[in-house]
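So you can see what is in the structure, the chains are spelled out below.
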Amino acid sequence: MKIKLGLGKANMRDVAMWCSGELYDFSAQNGCDFEYVCTDSREADENTMFVATRGERVDGHDYISKALDLGCRCVLCEYVPTDISGREAAFAVVENSVEAFSRTARGYRSGKAIDTVAITGSVGKTTTKELCASIIKRHRALYYTQGNFNSVIGMPMSLMEAPRECDAAVFEMGMSGLGEIRSMTLTALPKVAMVTNVGSSHLEYLKTRENIARAKLEIAEGLCDGGYLLLNGDEPLLREIKPKTDADIKTLYVGLDGQNGCTVNAFNIRVGEDGTRFDLCVEDKTYRDLKINLIGRAFVYNAAFAAVAAMLLGAGEDDVRLGLADYYAQSMRQSIQDRDGVTVVMDCYNASPESMRSAIDTLAALKVDGKRIAVLGDMRELGDDSDAMHADIGRYVADKGIDALLTLGSGGAIIAESAKTCGVACERVISVSDVDGTDELARALCGMLQKGDAVLFKASRSLRLERVADAAFAK
């Protein structure tokens, strides 16, 4: 992970000041300048500051010497290695390099403020970010991450990368535990922050959906006076648990079909083969017949959040309408394509019970001449209730009338058994428990596919389920 600083070079003296670190300067240049930042020692050079962080399996401090061998002269770390004798380098030493890097990013950007939108949610963060950016960039000089830099290291790096000419930015914020989103939002200091939903991802670590909601609501702590907090008004937890903030902010609730007294409501939702259309009521104004190139009601939430956030940054109706219509999903996020006469829905980026049901809804909504086939795999990080949640997906496949089901992995096997129990014919269910059994599953799929069929691929990213599609259509 490496970025170029958007506001020009920085100096290690400034880094030590921004992060309240102690400067150990062994350089001949009074602190050393740098214009890039990296967290991988292999990407370090004479113009790059290496940030040494501690991970579950790798400690970046073990690679400081290798970074210096590549010419690096600037290091943010928790201690100075003993094997640097004779090296000309400057070290900003701190108690926690991850926390210090967040303070460094905030300090670096303090001289050039920008209007920032911060996005979190259990599913759909990136889609919401991309939709929001598609609207805002029509009328503002916008920066937004092209990749998935949504961690406690990646998001501050994105902030430091934002170029001088931009006056607005959109960032997504992911997390695996309490405190991470707080760190990111206090770095970004957003004008608009949102929690799009509370799902079941991270139950393995946070144990309850209430804890997940609390972790997501940390995003409000970085809002400044006059800021806006957008919450999913159809999620009871986001009404029951109050966010912590000392700022004077306005909270807006976003929902579908006007069922829960939300400030923002999407209604008249029409799902078609070329996308989804809906009307959007924002307080006392209604925007008719908006369209997104995504199939399914769940994506209307993403679009509604994106539209309102963009409006709060000055977007007009034409910006919203054209920005939503211009967005097309990335290759692993509900990409719908024709392959040899078969409609293929690729949605392999990640999976949770909520996003899995949404993807099955998409498959069920497609108008096809042949069969609807679901190729599903494990959903990870669900904790103690993982088996029950996989079984629920099997029931959902049966309820939606999916014609055939293929699964990969041990969680996929639970989906398959549940689907059969709930009425999907045994001969139309194929399950491979070994996550490396992609070729076996691909052969089974290849023997089943005919022109006019539609097939969905959906699983957690670690299964790399797209390999099944590639192998099946290569045969």
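These numbers were taken from a predicted model, which means no experiment stands behind them.

Colleague: Just to check I follow, could you spell out unusual backbone geometry for this structure?
Modeller: One non-glycine residue with positive phi stands out, namely Leu189, at about 50 degrees. With respect to the element layout, Leu189 can be found in the loop between helix H6 (180-188) and strand S12 (192-195). Positioned with a positive phi, Glu381 is a non-glycine residue whose angle comes to about 65 degrees. Residue Glu381 is classed as partly exposed on the basis of its relative accessible area of 29%.

Colleague: I would appreciate a short explanation of the packing of helix H3 (residues 97-109) against helix H5 (residues 154-161) in the present structure.
Modeller: The axes of two packed helices give the description: the angle between them and the distance between them. Remark: H3 packs on H5, axes separated minimally by 9 Å, with the N-to-C direction vectors making an angle of 20 degrees. Taken together, the axes of H3 and H5 lie roughly parallel to each other. Note on packing geometry: the crossing formed by H3 with H5 is left-handed. Here Phe101, Ser102, Thr104, Ala105, Tyr108 and Arg109 of H3 come into contact with H5, specifically with Pro156, Met157, Leu159 and Met160. Looking at side-chain class alone, the contact of H3 with H5 contains 7 nonpolar, 2 polar and 1 charged residues.

Colleague: Got a minute to help me understand the environment of Lys125 in this structure?
Modeller: Within the element layout of this structure, Lys125 appears in helix H4 (residues 125-136). What makes Lys125 buried here is its relative accessible area of 13%. When residues no more than four places from it in sequence are discounted, the contact partners of Lys125 are Ile119, Thr120, Asn150, Glu172, Met173 and Gly174. A polar atom in the side chain of Lys125 sits 3.0 Å from the backbone oxygen of Gly121.

Colleague: In this structure, what is going on with the packing of aromatic side chains? I would like to understand it.
Modeller: Aromatic ring pairs are reported here in terms of the distance separating the ring centres and the angle at which the planes meet. As enumerated under the stated definition, the model contains 3 aromatic pairs in all. Their ring planes at 70 degrees and their centres at 6.2 Å tell us that Phe26 and Phe91 sit as a pair that is edge-to-face. Taken as a pair, Phe26 in the loop between strand S3 (22-25) and strand S4 (33-34) and Phe91 in strand S8 (residues 90-93) lie far apart in primary sequence, 65 residues in all. When its relative accessible area of 0% is taken as the criterion, Phe91 is described as buried. Seen from their ring centres, Tyr143 and Phe171 are 6.1 Å apart, and the 55 degrees between their planes marks the pair as tilted. Of this pair, Tyr143 sits in strand S10 (residues 142-144) while Phe171 sits in strand S11 (residues 168-172), and the two are 28 residues apart along the sequence. Note on Tyr143: relative accessible area 10%, which makes it buried. In this structure, Lys2 packs its charged tip against the face of Tyr36, placed 5.1 Å from the ring centre. Cation over ring: Arg239 sits above Tyr253, and NZ or CZ is 4.2 Å from the ring centre.

Colleague: When you look at the side chain of Thr104 in this model, what are you seeing that I'm missing?
Modeller: As for its placement among the helices and strands, Thr104 is situated in helix H3. For Thr104, a relative accessible area of 0% puts it in the buried group. Excluding anything up to four places from it in sequence, Thr104 contacts Val15, Trp18, Cys19, Leu76 and Met160.

Colleague: Looking at this structure, I do not really get the sheet that holds strand S20 (residues 372-377). What am I missing?
Modeller: Remark on secondary structure: sheet strands pair via backbone hydrogen bonds, oriented parallel or antiparallel. Ordered by their spatial adjacency, 6 strands build an open sheet running S18-S19-S23-S20-S21-S22, and the pairing between neighbours is mixed. Because the sheet does not close on itself, it has two edges, and the strands there are strand S18 (335-339) and strand S22 (429-432). The mean angle between the axes of side-by-side strands here comes to 15 degrees, regardless of whether they run parallel or antiparallel. In terms of strand pairing, strand S21 (residues 404-408) meets S22 through 4 bridges, oriented parallel. The residue bridging Thr407 from the neighbouring strand is Ser431, located in S22. Packed onto the sheet, helix H15 (residues 438-448) meets S20, S21, S22 and strand S23 (454-458) and runs at close to 170 degrees relative to S21.

About the cut-offs
Residues numbered from 1 in each chain as written. Predicted model: local features only at pLDDT ≥ 70, side-chain atom pairs only at ≥ 80, totals over all residues. Heavy atoms only, no water. Helix = DSSP H or I, 4+ residues; strand = E, 2+ residues; numbered from the N terminus. Buried < 20%, exposed > 50% of the residue type's maximum accessible area, 1.4 Å probe, protein only. Axes fitted to C-alpha atoms, helices over the stretch in contact; angles between N-to-C directions. Parallel < 35°, antiparallel > 145°, perpendicular 65-115°, else oblique. Left-handed = near helix turned anticlockwise from the far one by under 90°. Contact = heavy atoms within 4.5 Å. Nonpolar A, V, L, I, M, F, W, Y, C, P; charged D, E, K, R; others polar. Polar contact = N/O pair within 3.5 Å; in protein donor to acceptor, adjacent residues only side chain to side chain. Phe/Tyr/Trp six-rings, centres within 6.5 Å; stacked < 30°, edge-to-face > 60°. Lys NZ or Arg CZ within 6 Å of the ring centre and 35° of its normal. Pairing = 2+ DSSP bridges.

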